[in-house]
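Residues per chain, in single letters:
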There are 2 protein chains.
Amino acid sequence: MNVTIYDVAREANVSMATVSRVVNGNPNVKPATRKKVHEAIERLGYRPNAVARGLASKKTTTVGVIIPDISSIFFAELARGIEDIATMYNYNIILSNSDQNKDKELHLINAMLGKQVDGLVFMGGKITEDHIREFKTSSVPIALAATVDETGETPSVNINYEQAAYEATELLLSHHNERVAFVAGPEDTVINTEKLAGYKRAMKDHGHDDADKWIVQGDYSYDSGIEAFEQLMNMEDKPTAVFVSADEMALGVIHGAQDSGYSVPEDLEVFGFDNTRLATMVRPTLSTVVQPMYDIGAVAMRLLTKFMNKEEVEEQSVILPHRIIERNSTQQK
Amino acid sequence: MNVTIYDVAREANVSMATVSRVVNGNPNVKPATRKKVHEAIERLGYRPNAVARGLASKKTTTVGVIIPDISSIFFAELARGIEDIATMYNYNIILSNSDQNKDKELHLINAMLGKQVDGLVFMGGKITEDHIREFKTSSVPIALAATVDETGETPSVNINYEQAAYEATELLLSHHNERVAFVAGPEDTVINTEKLAGYKRAMKDHGHDDADKWIVQGDYSYDSGIEAFEQLMNMEDKPTAVFVSADEMALGVIHGAQDSGYSVPEDLEVFGFDNTRLATMVRPTLSTVVQPMYDIGAVAMRLLTKFMNKEEVEEQSVILPHRIIERNSTQQK
DNA sequence: ATGAAAGCGCTAACAA
DNA sequence: TTGTTAGCGCTTTCAT
């Protein structure tokens, strides 16, 4: 049997209400009483039962986090941002992997709501109507991190993927590359669609209406980067530069090239996306789009705390700044 | 107001006890009644309150996970193993980062016990007496993952680090390297101590009693690998091979070497530890010790479920097999 | 097979 | 400043 608030009350000769007050830092307690209670707590080794507290107060001080895959460098960094801010605001985190599987996602949302989380941070690929319905009927606030809801109805934190992709492509084009390819991520995710749009817009602005023929499909993985390189080299006109929509996949492209005797950036310029730690762990170091992953997680969690506290929120769709960083996988100009 | 078990009971014209039974799959319910209840649940959109359930049953079906840093490739992989098995056994996970800070660790243990987790998976660097005391007085079982308790009192899952380090060093020595260096990890963690011991034993077995002079200190990071390389090259007798106690740090060593015009493995053989995904994302690909991170997490969680179910456990200190994989950062023999 | 009722440990009015 | 007392929503005997 664990020691309860009632045991402490008896030990300190006060009511449980008073114990509750000192445990919760309520100022309406005479210092002497407070001291007595603290001593009793110490003596008994009392530790408040958060479950009972949660039932009585209807607050669990825990938030749910649904993440595609915690073992991915990208998402792990986001998760760290989320957890740090959660800790700062005294929340704990229930973390589950969804593998971007819609059924799992929906199931997890429900499981977490069942656990009475005070809020939810959701990361995923595609927000469907079913998702929106769940979000809307949820009794607790929800924030999306690095995940876009096209309807704009769900609070979210992202960067401007379209613009970022535009700028990356533009930079490659400005290096007088006539043939700039794009290695896409999983189709049917809106972030990929946006990147694609940015790439196409840049191509078009530079007079290339044939962007479609320079697009190859990947899945963000290293291996798919290697495969993408093969495809690139099988094209009639080989590209001289390639914009890859994720760093890890970009490493695959670089190594695919090097393994085939090409050199980067001389024979092929390679540009990544995300600026994960990987970007500086490769030779040549990777030029890439800086997406502030940790911050996206942190800001999403911060946003969520505001909703949980019913604070006013000026803008519920936060767009964080991105930037381009040129390293050695592209030509120095 | 949310719909409760009581509402369902009224809607279905049964008692809450019966609703509870069907929700919990108790077989002692007439099929017709079960059906009625399910319909009522459906109609009302009832979702059981896990907090109330936890209070009444004294089980929360959630386990705490204390991890040094979820954004580390190594730990993220472990976490995935833990979470997958947790899901399989219907547990959720409360995840917190400790940064290997003892105070944080102790605080987290208490916070999680306060949340009434049914068990705890702990990952950390150094298990002190204070840790052991907390573990022992804990009302719920605890399992260590990739973390060794020298007293052997806490259930744990690891590999044999000493032996693995021995084999790695041995392999380098067998390549007729006269000078094999070692890049250590954070001092004062027992896993590092074990690796060090394995390295020294191998050196000694090959007639090198001067192992100490070939040891340089790192912190497992990429940058510390680069620095380690500098130190290696400042030695009087430069080593011709180096065993690095973590893959990421090994990449640092490789790139440090390459950036200085050395080639790997011709001028310097490099051997890593862990076999994180990074090992195949470098050129040359990294020879390394395979530590089954995902499995360690998975097995630790599985072990924990056994304790939580009060099952018999034959061996509470599990040692998983490791192996050596030779890739291109060492000489082919 | 089903129901009644007593908690689980705490918070939050409301009184005093 | 402190105490009394309902619940919070569910599980779990114990009856029936």
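Residues numbered from 1 in each chain as written. Chains lettered and ligands numbered in written order. Predicted model: local features only at pLDDT ≥ 70, side-chain atom pairs only at ≥ 80, totals over all residues. Heavy atoms only, no water.

(A) Molecular detail of the overall build of chain A. Secondary structure summary: chain A contains 12 helices and 12 strands in total. The C-alpha extent of chain A, read off along each of the three principal axes, is 85 × 40 × 35 Å. Out of the 333 residues in chain A, the part that is buried amounts to 56%. For chain A, the proportion of contacts with a sequence separation of at least 24, taken over those separated by at least 6, is 69%. Accessible area for chain A stands at about 14,300 Å²; split by element, carbon and sulfur atoms hold 49% of it. If you average the places of the 33 positive and of the 48 negative side-chain charges in chain A, the two averages end up 14 Å apart. (Helix = DSSP H or I, 4+ residues; strand = E, 2+ residues; numbered from the N terminus. Buried < 20%, exposed > 50% of the residue type's maximum accessible area, 1.4 Å probe, protein only. Contact = heavy atoms within 4.5 Å. Areas by Shrake-Rupley, 256 points an atom, 1.4 Å probe, with all protein chains shown as cover. Lys, Arg positive; Asp, Glu negative; His and termini not counted. Charge placed at Lys NZ, Arg CZ, Asp CG, Glu CD.)

(B) Highlighting the relation of the copies chain B and chain A. Laying chain B over chain A is done by rotating through 180 degrees and shifting 0.0 Å along the axis; what remains is an RMSD of 0.1 Å. Given the turn and translation reported, the copies of this chain are related as if by a two-fold rotation axis. When C-alpha distances to the rotation axis are compared across chain B, the minimum falls at Ile94(B), with a value of 2.2 Å. A share of 98% of interface residues in chain B that are also interface residues in chain A marks the association as one of identical surfaces. (Least-squares fit on C-alpha atoms with pLDDT ≥ 70 in both.)

(C) Structural context of the environment of Gly185(B). Residues and elements named next belong to chain B. Mapped onto the elements of the fold, Gly 185 is located in the loop between strand 6 (180-184) and helix 9 (190-205). In sequence terms Gly 185 and Glu 11 are 174 residues apart; their C-alpha atoms lie 63 Å from each other. If near-sequence neighbours (up to four positions away) are discounted, Gly 185 is found in contact with Asn 192, Gln 217, Gly 218, Tyr 220 and Ser 245.

(D) Seen up close, unusual backbone geometry. The linkage connecting Arg283(A) with the following residue, Pro284(A), adopts the cis geometry, with an omega of -5 degrees. Its location among the elements puts Pro284(A) in the loop between strand 9 (269-274) and strand 10 (287-290). With an omega of 10 degrees, the peptide bond running from Val264(B) to Pro265(B) counts as cis. With respect to the helices, strands and loops of the structure, Pro265(B) is situated in the loop between helix 11 (247-259) and strand 9 (269-274). Positive phi, close to 65 degrees, is recorded for Gln116(A), a residue that is not glycine. Mapping Gln116(A) onto the fold places it in the loop between helix 6 (102-114) and strand 3 (119-122).

(E) Geometry of the protein's contact with DNA strand D. In the vicinity of DNA strand D lie 27 residues, with Arg21(A), Thr33(A), Ile5(B), Ser20(B) and Tyr46(B) positioned nearest. For DNA strand D, the backbone portion of the atoms within 4 Å of the protein, that is sugar and phosphate, comes to 61%. Within the backbone of Lys30(A), one N or O atom sits 2.8 Å away from a phosphate oxygen of DNA strand D. In this structure, a phosphate oxygen belonging to DNA strand D sits 3.0 Å away from a main-chain N or O atom of Asn49(B). A total of 4 residues in the surface near DNA strand D trace back to one element, the largest contributor, which is helix 4 (residues 50-57) of chain B. Of the residues assigned to the surface near DNA strand D, the class counts are 13 nonpolar, 10 polar and 4 charged. (Near = heavy atom within 4 Å. Polar contact = N/O pair within 3.5 Å; in protein donor to acceptor, adjacent residues only side chain to side chain. Nonpolar A, V, L, I, M, F, W, Y, C, P; charged D, E, K, R; others polar.)

(F) Layout of the protein's contact with DNA strand C. Among the 28 residues in the neighbourhood of DNA strand C, the closest are listed as Ile5(A), Ser20(A), Tyr46(A), Arg21(B) and Thr33(B). Within 4 Å of the protein, the contacting atoms of DNA strand C are drawn from sugar and phosphate to the extent of 63%. One of the side-chain N or O atoms of Ser20(A) is found 2.6 Å from a phosphate oxygen in DNA strand C. In this structure, a base nitrogen belonging to DNA strand C sits 3.3 Å away from a main-chain N or O atom of Ala52(A).

(G) Up close: the pattern of salt bridges. One pass over the structure, following the stated rule, counts 30 salt bridges over all chains. A salt bridge links Glu39(A) to Lys35(A); its shortest N-O distance comes to 3.2 Å. Remark: Lys35(A) and Glu39(A) occur in helix 3 (residues 31-44); sequence separation between them is 4 residues, near one turn of the helix. Glu39(A) gets classed as partly exposed once you look at its relative accessible area, which sits at 36%. Between Asp130(B) and Arg133(B) there is a salt bridge; the shortest N-O distance is 3.1 Å. With a gap of 3 residues between them, Asp130(B) and Arg133(B) both fall in helix 7 (residues 129-137), about one helical turn apart. Residues joined by salt bridges that share partners form a network here, namely Asp69(A), Asp99(A), Lys104(A), Arg80(B) and Asp84(B). (Salt bridge = Lys/Arg side-chain N within 4 Å of Asp/Glu carboxyl O.)

(H) Fine view of the sheet that holds strand 12 (residues 323-325) of chain A. Residues and elements named next belong to chain A. In spatial order, the strands read 7-6-8-9-10-12; together these 6 strands make up an open sheet with mixed pairing. Every other strand in the sheet has two partners, leaving strand 7 (215-217) and strand 12 as the edge strands with one partner each. Averaged over all pairs of adjacent strands, the angle between their axes in this sheet comes to 20 degrees, without regard to strand direction. The sheet contact formed by strand 6 (residues 180-184) and strand 8 (residues 241-244) spans 4 bridges and is parallel. Pairing of Val 180 across the sheet is with Ala 241, part of strand 8. (Pairing = 2+ DSSP bridges. Axes fitted to C-alpha atoms, helices over the stretch in contact; angles between N-to-C directions.)

(I) Geometry of the sheet that holds strand 12 (residues 323-325) of chain B. All names here are of chain B. Overall, mixed pairing links the 6 strands, which are arranged 7-6-8-9-10-12 in an open sheet. Since the sheet does not close on itself, it has two edges, and those belong to strand 7 (215-217) and strand 12, each with one partner. Averaged over neighbouring strand pairs, the angle between their axes works out to 20 degrees when direction is ignored. Seen against the sheet, helix 9 touches strand 6, strand 7 and strand 9 and runs at an angle of roughly 175 degrees to strand 6. Across the sheet, helix 10 (residues 222-233) lies against strand 6, strand 7 and strand 8 (241-244), angled at about 145 degrees from strand 7, the strand it touches most.

(J) Structural detail: the interface of chain B and chain A. Taken together, the contacts link 51 residues of chain B with 50 residues of chain A. A buried area of about 4,200 Å², summed over both sides, lies between chain B and chain A, and 51% of it is on carbon and sulfur atoms. In this structure, the connection of chain B to chain A is made through 8 salt bridges. One salt bridge connects Arg80(A) with Asp69(B), and the closest N-O pair in it is separated by 3.0 Å. For the pair chain B and chain A, the number of links is 29 residue pairs in polar contact (both at pLDDT 80 or more). At the level of elements, helix 4, helix 5 (73-88), strand 2 (92-97), helix 6 (102-114), helix 10 and helix 11 of chain B are the ones that each hand at least two residues to the side of chain B that touches chain A. Considering only residue class, the side of chain B that touches chain A consists of 21 nonpolar, 18 polar and 12 charged. (Buried area = accessible area lost by both parts, 1.4 Å probe.)

(K) Quick peek at helix 3 (residues 31-44) of chain B. Residue and element names in this part refer to chain B. Helix length check: helix 3 (14 residues) gives 20 Å between terminal C-alpha atoms against 20 Å at 1.5 Å per residue, within 8%. Turning to helix 3, its buried residues are Thr 33, Val 37, Ala 40 and Ile 41. Looking straight down helix 3, one finds that the buried residues subtend no more than 100 degrees of arc, so they occupy a single side. Residues Pro 31, Ala 32, Lys 35, Glu 42 and Arg 43 are exposed on helix 3 and point more than 90 degrees away from its buried face. Count one or two residues on from helix 3 and you reach Gly 45, which has phi positive near 65 degrees. (Expected span 1.5 Å × (residues − 1). Arc of directions from axis to C-beta.)

Just geometry here; none of it tells us what the structure is for.
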